[in-house]
Amino acid sequence: MRLTCPVCGERDRREFYYMGDAVALRRPDPEAGDAVWDDYLHNRDNPAGVTRDLWQHEGGCGAWIVVTRNTMTHEVLETALASDVKGSVG
Amino acid sequence: MRIAGKGLVDRQAPVSFRFDGHTYQGFAGDTLASALLANDIRVVARSFKYHRPRGVMGAGSEEANALVTIGSGAAQDPNVRATVQEIYEGLEARPQNCWPSLTVDLLSVNDLAAPFLGAGFYYKTFMWPRAFWEKLYEPVIRRSAGLGALSHQHNPDAYEKAFAFCDLLVIGGGPAGLIAALTAARAGADVILADEDSLFGGRLNGDVETVGGMPGAEWAQSIVDELEAMPNVRLMRRTTVTGAYDQGTYGALERVAHHLADRGGQPLECFWRIVARRAILCAGAIERPIAFRNNDRPGIMTASAVRTYLNRYGVAPGRRITLFANNDDAHRTARDLVDAGVHIAAVFDSRRDVPESNAYPIYRGAEVCNTSGRRGLESVTFRTASGEDKVETDCLAVSGGWNPSLHLTCHMNGRPQWSEAIQSFVPVEGMVPGLDTAGACRGTLTTHGALQEGVAAAQVALEALGIAFDKIDIPEAEDAPYRVSPLWAVAGKGRAWLDFQNDVTVKDVKQAAKENFASVEHMKRYTTQGMSPDQGKNSNVAALAVLADATGRGIPETGTTTFRPPFVPVSIAAMGAGAQGAGFAPQRFTTSHAASVERGAPMIEAGLWYRPSYFPAPGETTWRQSCDREVNMVRNAVGVCDVSTLGKIDIQGPDAGAFLDFVYTNMFSTLKVGRTRYGLMLREDGTVMDDGTTARLGETHFVMTTTTAAAGPVMRHLEYVHQCLCPELDVSMISVTEQWAQFAVAGPQSRALLNALVDEDINDDTWPFMGCGDIIIQGVRGRLFRISFSGEHAYEIAVPSRFGNGLFRELTARAEALGGGLYGMEALNVLRIEKGFITHAEIHGRVTAFDIGMERMVSQKKDCIGKTMSERPGLNGPEREQLVGLKPIGPVKQLTAGAHLFEKGAAPTRENAQGYTTSVGFSPTLDGFLGLGFLRNGRARHGEEVMMVDHLRNLTTRCKVCDPVFFDPEGGRVRG
Amino acid sequence: MAELLAKSPCEGLLPKEVDGLTLSEAKRATMTSLSPYRGQEAVLSDVLKTEHGMALPRPNRSAGKEGARAVWFGQRQVMLIGPDPAVSLADHAALTDQSDAWAVVLLEGEGAEDVLARLVPLDLRREHFKKGHTARSQLQHMMVSITRVGDARFQIMAFRSMAKTLVHELEIAMKGVAARRAS
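Keep in mind it's a predicted model, so treat the numbers as computed, not measured.

S.K.: Describe the overall build of chain C, listing the residues and the values that go with them.
M.R.: For chain C, the helix and strand inventory stands at 3 helices and 11 strands. Secondary structure elements of chain C occur, N-terminal to C-terminal, as β-β-β-α-β-β-β-β-β-α-β-β-β-α. For chain C, whose C-alpha radius of gyration is 17 Å, the value lies close to the compact-globule estimate of 16 Å for 183 residues. In terms of its C-alpha atoms, chain C occupies a principal-axis envelope of roughly 55 × 50 × 25 Å. The burial tally for chain C puts 55% of its 183 residues in the buried class.

Pasting the structure below:
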């Protein structure tokens, strides 16, 4: 498997650390309530299809990356710097 | 038997080798199989389940029968296909799965027990009684049913792994692959051509047909010569592409030195990860057998294999050869044999419309229905419209048609489709992104067609790569149509083999269907057809056809099982190459390593680091003696310990303080420059992640310390928090763990020691408790932190790593002069237990700030990672197991870590467990064992008696619960 | 008062020579990581150019030459190798002394790419990874920085504490390549 780091280019999967769903970017307000925090931390979809994950190019430049990929075809549809994505979602 | 004047082997280069204890001769260029056949060796192996004698069946990596063990002792290599193993001087091969010998195999009684060993016998026979599984069934099955054995010794062979990149990977070097590679290479593409054989050419080496007016093998060599001269081409011989993976990655096993008597330092195998922008599969096809009664006797082979042995190796596998076929292709074998002067006793063709011959009798509409011969084929019984008859023969060449080697196209879950024309499965477009197919693996079974498709596929690839190409002439080649009429299994009684490797017969498949294991995936698992090394290569399509027939469905509806990587077996050693011995993980050494080893310190692993356990003094015979002395030394004089392995992270930027406030539970933006503060870090779920001290070196400059174990994860976490949660903060981080060699200098004499070394005066005003700053030590700019992990007046002094060795030795000498010395991990552990300081033994991933009594460190003035969730109900009450100290009070004085805590008098069972111990040690200071642990509602239970039970070590100790700070609870010493 | 003796990361481990391939320790140099503050990249690049003669390298590139080199070292991170950093750089970037943090070795000789192909999952073909190109990647299990500093010359940086493993891995790969060539 290969992922395209927005900084370094296409690299072998072994250079990357996988974290999980990119929902992690949308950290709730401290006062958002138990249900919202529970969802944020624990509840995840398991899509057969397109999913967005957070990976870190830990064995490379260190950038955290949002990877959009298809769990059925393994196609990697898009990669973007997490800091850019976070900047745009606020 | 060798045939004069035939073959590509080097008759000037005889090679002697041993098989089953006897010495034989072959020639350079022989495989073990061809050399054995040349020596008229027919029985090469015993079958998996029934221990039937088996001979060579094919001539390639798909071989199902002739599995042997190469070498002996630690280096022995089991389950090697004799058809792939090239011979070399001194090669030692042994048959396997037979006892006591190949010819007298006592376990062949299994053959008589065959009625009980049919489909699903594992599931039916060994169900009960349950107790028999481990003691009886499994050992017996393992002994009698098995393949080759492992040596059970360390593998002494060297293996390698490697990465390669190319524009185009061509898989298979037959006519399609060669011309595809040539087309792309001439256009300037970076090409890798891999073939599992030692010789490129594929079927061309086993056939006499010409290509471009010259013998096929010569044409192949001419292309190889051209490719070899091109700098943009990498030819990989003896390299099987074993798997197709995501994003154009392919796995390939190169057998580097299996064919060499003297490897000259080369690895045995190399496992390649090839990244190709495009790939073309030109893997050819495999001839399939036909199932008929007793079709597994030595001497029964595929027709193409017989032709290969004749044309490539100059070997006739028999003296009176018969053929059985359902297609035209097999008749080439008969023609070539006759041309070479080998006697053909008969050709049986199941079809009526059959090519003519004057050279041998042809039986049309004929089927072979049985064979006989004890240790090899002696005769075949065949059936025509006029009844059954028998012919004496020592070799039967069988062809049931060809199955495209499309395996790799299925590795990413692609499904092939059924072709009526060739009666087999063929790949469809796009099964693996970027991979095209050409030639026989695509169902095109003529040389001309293969060449055409090879060029076409290369041009498609070049277009996709954006590389311009010139027209290439396709040489003239054989183009006879392939005509096949389906014949999978000859009707009749008795056992007719489908999967030779696993002893699966037509009857087994039918029985599976009858017992409603009618799905192809269920049938496979129930009968074991296509499992083990065969992987369906020989048996798959025929077994499906039999299943289709038994269930009344068509073959396309029945479908095929899933082909998965690897295409050929890959040794674990090759996949894990580089990870043997010291390659398993990097070793991290501190700058004081050599000095510690010189002192005789046993080193223990702390993650990847090596740290000294203790420093034995003369006369000390146990580690406890050393540890006790080192602890006393720190408490009474001064000790020196290398703490460089703790993670150190440089954090800088205008927002550094704000960032630390967010990742730590407590405040850091308020920390004064030149001061250090203890910090607690939570995971977002409220669990403690790590702790450590962070020093403020400047207005916008902090240095964070992490525990040794968490250095990597904390760095990752900080980057995550910054990049993913608060990228607006202007802060940057870099590890400085390696930059600084840092030593703890601890004990009442620590200040005296340092004052003799540094330029400025260290006193309570210049360096108060938790003070930090730059310092010059013997001309070197370093850093000094007044922090303590022992509870004593202590410092940590850091210098650039190149001076670490020098400073460590200097500190050691000076400490010893003051009645102190070095201390290791054991003493460090006891010192911190005496003080109730936690490590990852306590913050093990399930405890909260409340559990360790630090809930007040979660600042109410700000948000931080983990704050919200740390306030959840259930994480902050008397139901929690809380950090406590434990002291033995009964006759048993010992404590152990990992033991469970129970109320006094309670039965020590799981439901009664109230907590557990995490760290224990013998305290020479307090003259007894001390323990840290977690106890339900423990903080309210100080003074209570509990029972510590270690079920593993069989220990029960009465304990008193107390505060976790055992020594100097007022903290006077650290400030003194 | 005695001076503290300095010890290089690869002392006692290098040099190694196998069939024309050499592995040696680079001359000790001051190494400073530069992480530009927000929006300061351009100014930092100008200051770097003025003070040390090279602009801030883009990702995957290095600038300068032997003795004064700036190597891209990760996201928002460049390693200045050679000169003591000009004080003015600190106005625009976080500066961290890394002089002692890295074992820096040079692999040189025909086939150096083949040696690295056994350890590093990078495309190091000459026409794809040219002189001056650099990458952060892994060598076996170690995080490394690899820069092509000559036609057949690579600078490899790994954590100082892993120097022994770095040399061990490279030596095995060098021997493997040499053995293949000999056959």
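Read on, since the account is not over.
S.K.: Outline the domain arrangement of chain C, listing residues and values.
M.R.: Quoted interface sizes are often the accessible area lost when the parts come together. Residue and element names in this part refer to chain C. For chain C, the domain assignment lists domain 1 (16–27 + 100–182) and domain 2 (30–97). Each partner contributes residues to the interface: domain 1 has 8 residues there, and domain 2 has 8 residues. Among the elements of the structure, β9 (134–139) and β10 (142–150) are those that each provide at least two residues to the side of domain 1 that touches domain 2. No other element matches β9, which puts 3 residues into the side of domain 1 that touches domain 2.

S.K.: Provide a residue-level description of the UniProt feature "domain: SoxA A3" (unreviewed entry) in chain B, including the pertinent values.
M.R.: The positions that UniProt labels "domain: SoxA A3" (unreviewed entry) are, in the present scheme, residues 493–578 of chain B. Between the end C-alpha atoms of residues 493–578 of chain B the distance is 53 Å, and the span holds 43% helix and 6% strand.

S.K.: Lay out the packing of helix α10 (residues 506–514) of chain B against helix α12 (residues 540–551) of chain B in plain terms, naming residues and giving numbers.
M.R.: Residue and element names in this part refer to chain B. Taken N-terminus to C-terminus, the directions of α10 and α12 make an angle of 45°; their axes are 9 Å apart at the nearest point. Here α12 runs oblique to α10, going by the angle between their axes. The handedness of the crossing between α10 and α12 comes out as right-handed. Across the interface between the two elements, Val506, Val509, Lys510 and Ala513 from α10 touch Ala543, Val546, Leu547, Ala550 and Thr551 from α12. Classifying every residue of the contact of α10 with α12 gives 7 nonpolar, 1 polar and 1 charged.

S.K.: Any details on the pairing of strand β50 (residues 955–962) of chain B? Residues and values, ideally.
M.R.: Residue and element names in this part refer to chain B. Sheet topology places strand β45 (residues 881–888) next to β50; 4 bridges connect them, and they run antiparallel. Note on β50: the bridge partner recorded for glycine 885 is cysteine 962. Pairing between strand β49 (residues 945–950) and β50: 6 bridges, direction antiparallel. Pairing of methionine 948 across the sheet is with threonine 957, part of β50. Adjacent in sequence and paired antiparallel, β49 and β50 are bridged by 4 residues, among which asparagine 954 carries a positive phi angle near 60°.

S.K.: Describe in detail the interface of chain B and chain C, supporting the description with residues and values.
M.R.: Contacts between the two partners involve 40 residues from chain B, matched on the other side by 43 residues from chain C. The set of elements that each furnish at least two residues to the side of chain B that touches chain C consists of β8 (159–171), β31 (588–589), β35 (647–652), β39 (732–735), β43 (794–800) and α20 (804–817) of chain B. Examining the composition of the side of chain B that touches chain C, we find that 6 residues originate from one element, β8 of chain B, more than from any other. Grouping the amino acids of the side of chain B that touches chain C by side-chain chemistry returns 16 nonpolar, 16 polar and 8 charged.

S.K.: So, the UniProt feature "domain: Aminomethyltransferase C-terminal" (unreviewed entry) in chain B: which residues are in play, and what are the values?
M.R.: Per the UniProt annotation, the sites labelled "domain: Aminomethyltransferase C-terminal" (unreviewed entry) are residues 882–968 of chain B. Along residues 882–968 of chain B the backbone is 0% helical and 49% strand, and the end-to-end C-alpha distance reaches 21 Å.

S.K.: Residues and numbers for unusual backbone geometry, please.
M.R.: Omega for the bond connecting proline 565 of chain B with proline 566 of chain B falls within 30 degrees of zero, at -5°, which places this linkage in the cis form. Along the chain, proline 566 of chain B turns up in the loop between α13 (555–558) and α14 (572–575). Of note, the amide linkage connecting leucine 14 of chain C to proline 15 of chain C takes the cis form, showing an omega dihedral of 5°. In this structure, proline 15 of chain C sits in the segment before β1 (16–18). With phi around 70°, histidine 74 of chain A is a residue other than glycine that occupies positive phi space. Here histidine 74 of chain A is to be found in the loop between β5 (64–70) and β6 (76–81). In this structure, aspartate 19 of chain C takes a positive phi of about 50° despite not being glycine. Turning to its location among the elements, aspartate 19 of chain C is positioned in the loop between β1 and β2 (21–25).

S.K.: If you had to explain the domain arrangement of chain B to someone new, which residues and values would you point to?
M.R.: Taken domain by domain, chain B consists of domain 1 (159–286 + 404–465), domain 2 (291–375 + 388–398), domain 3 (488–558), domain 4 (588–645 + 739–832), domain 5 (647–735) and domain 6 (877–975). Here the C-alpha centre of domain 4 of chain B lies 83 Å away from the C-alpha centre of domain 2 of chain B.

S.K.: Pulling in residues and values, what's your account of helix α21 (residues 825–834) of chain B?
M.R.: Residue and element names in this part refer to chain B. Across the 10 residues of α21, 7 count as buried, placing the element largely inside the fold. Turning to α21, its buried residues are Glu826, Ala827, Leu828, Val830, Leu831, Ile833 and Glu834. Close packing links the buried residues of α21 with α16 (623–636), β34 (639–642), β47 (915–923) and β48 (928–936). Directly after α21, the chain includes glycine 836, whose backbone phi takes a positive value near 70°.

S.K.: I'd like to hear about the sheet that holds β5 of chain A, residue by residue, with values.
M.R.: All names here are of chain A. The antiparallel open sheet is built from 4 strands, whose spatial order is β3-β4-β5-β6. If you trace the sheet from one side to the other, it starts and ends with β3 (17–21) and β6, each paired once. For this sheet, the mean inter-axis angle between neighbouring strands, taken without regard to orientation, is 30°.

S.K.: Could you give an account of the sheet that holds strand β37 (residues 688–698) of chain B, with specific residues and numbers?
M.R.: Residues and elements named next belong to chain B. With antiparallel pairing, the 5 strands of this open sheet are ordered in space as β36-β37-β38-β35-β39. In this open sheet, the two edge strands, each paired with only one partner strand, are β36 (675–682) and β39. Averaged over all neighbouring strand pairs, the angle between strand axes comes to 25°, with direction disregarded. Where β35 and β39 come together, 4 bridges link them in antiparallel fashion. Pairing of isoleucine 651 across the sheet is with methionine 733, part of β39.

S.K.: Tell me about the packing of helix α7 (residues 303–313) of chain B against helix α8 (residues 329–339) of chain B, and name the residues and values.
M.R.: Residue and element names in this part refer to chain B. Direction vectors running N to C along α7 and α8 enclose 30°, while the axes themselves pass 8 Å from each other. Relative to α8, α7 is oriented roughly parallel. Here α7 and α8 pass one another in a crossing that is left-handed. Residue-level contacts link Ala303, Val306, Arg307, Leu310 and Asn311 of α7 to Ala330, Arg332, Thr333, Asp336 and Leu337 of α8. Here the residues of the contact of α7 with α8 sort into 5 nonpolar, 2 polar and 3 charged.

S.K.: So what's going on with the nonpolar core? Which residues, and what values?
M.R.: Counting residues in each nonpolar core, the largest one holds 364 residues, and the members touching the most others are Ala180, Ile280 and Val745 of chain B. With 10 residues, the single largest contributor to this core is helix α3 (residues 163–182) of chain C. Not counting chain neighbours up to four residues away, the residues in contact with alanine 180 of chain B comprise Val170, Ile280, Cys282, Ala438, Gly454, Val455, Ala457 and Ala458 of chain B.

S.K.: Report on helix α17 (residues 656–663) of chain B, specifying residues and quantitative values.
M.R.: All names here are of chain B. Among the 8 residues that make up α17, 7 are buried, leaving the element largely enclosed by the rest of the structure. Ala656, Gly657, Phe659, Leu660, Asp661, Phe662 and Val663 are the residues of α17 that are buried. Contact partners of the buried residues in α17: β35, β36, β37, β38 (701–706) and α18 (711–725).

S.K.: Just give me the short version of the pairing of strand β41 (residues 772–777) of chain B, but keep the residues and values in it.
M.R.: Judged from the 6 bridges that link them, β41 of chain B and strand β42 (residues 780–785) of chain B form a sheet pairing that is antiparallel. Residue cysteine 772 of chain B lies in a different strand from β42 of chain B, and its bridge partner there is phenylalanine 785 of chain B.

Rules behind the numbers
- Residues numbered from 1 in each chain as written.
- Chains lettered and ligands numbered in written order.
- Predicted model: local features only at pLDDT ≥ 70, side-chain atom pairs only at ≥ 80, totals over all residues.
- Helix = DSSP H or I, 4+ residues; strand = E, 2+ residues; numbered from the N terminus.
- Rg over C-alpha atoms; globule rule 2.2 N^0.38 Å.
- Buried ≥ 20, exposed ≤ 12 C-beta atoms within 10 Å, placed from the backbone.
- Domains from an automatic or database assignment.
- Contact = placed C-beta atoms within 7 Å.
- UniProt positions renumbered as here; feature names shortened; annotations may be inferred.
- Axes fitted to C-alpha atoms, helices over the stretch in contact; angles between N-to-C directions.
- Parallel < 35°, antiparallel > 145°, perpendicular 65-115°, else oblique.
- Left-handed = near helix turned anticlockwise from the far one by under 90°.
- Nonpolar A, V, L, I, M, F, W, Y, C, P; charged D, E, K, R; others polar.
- Pairing = 2+ DSSP bridges.
- Core = buried A, V, L, I, M, F, W, Y, C linked by C-beta atoms within 7 Å.

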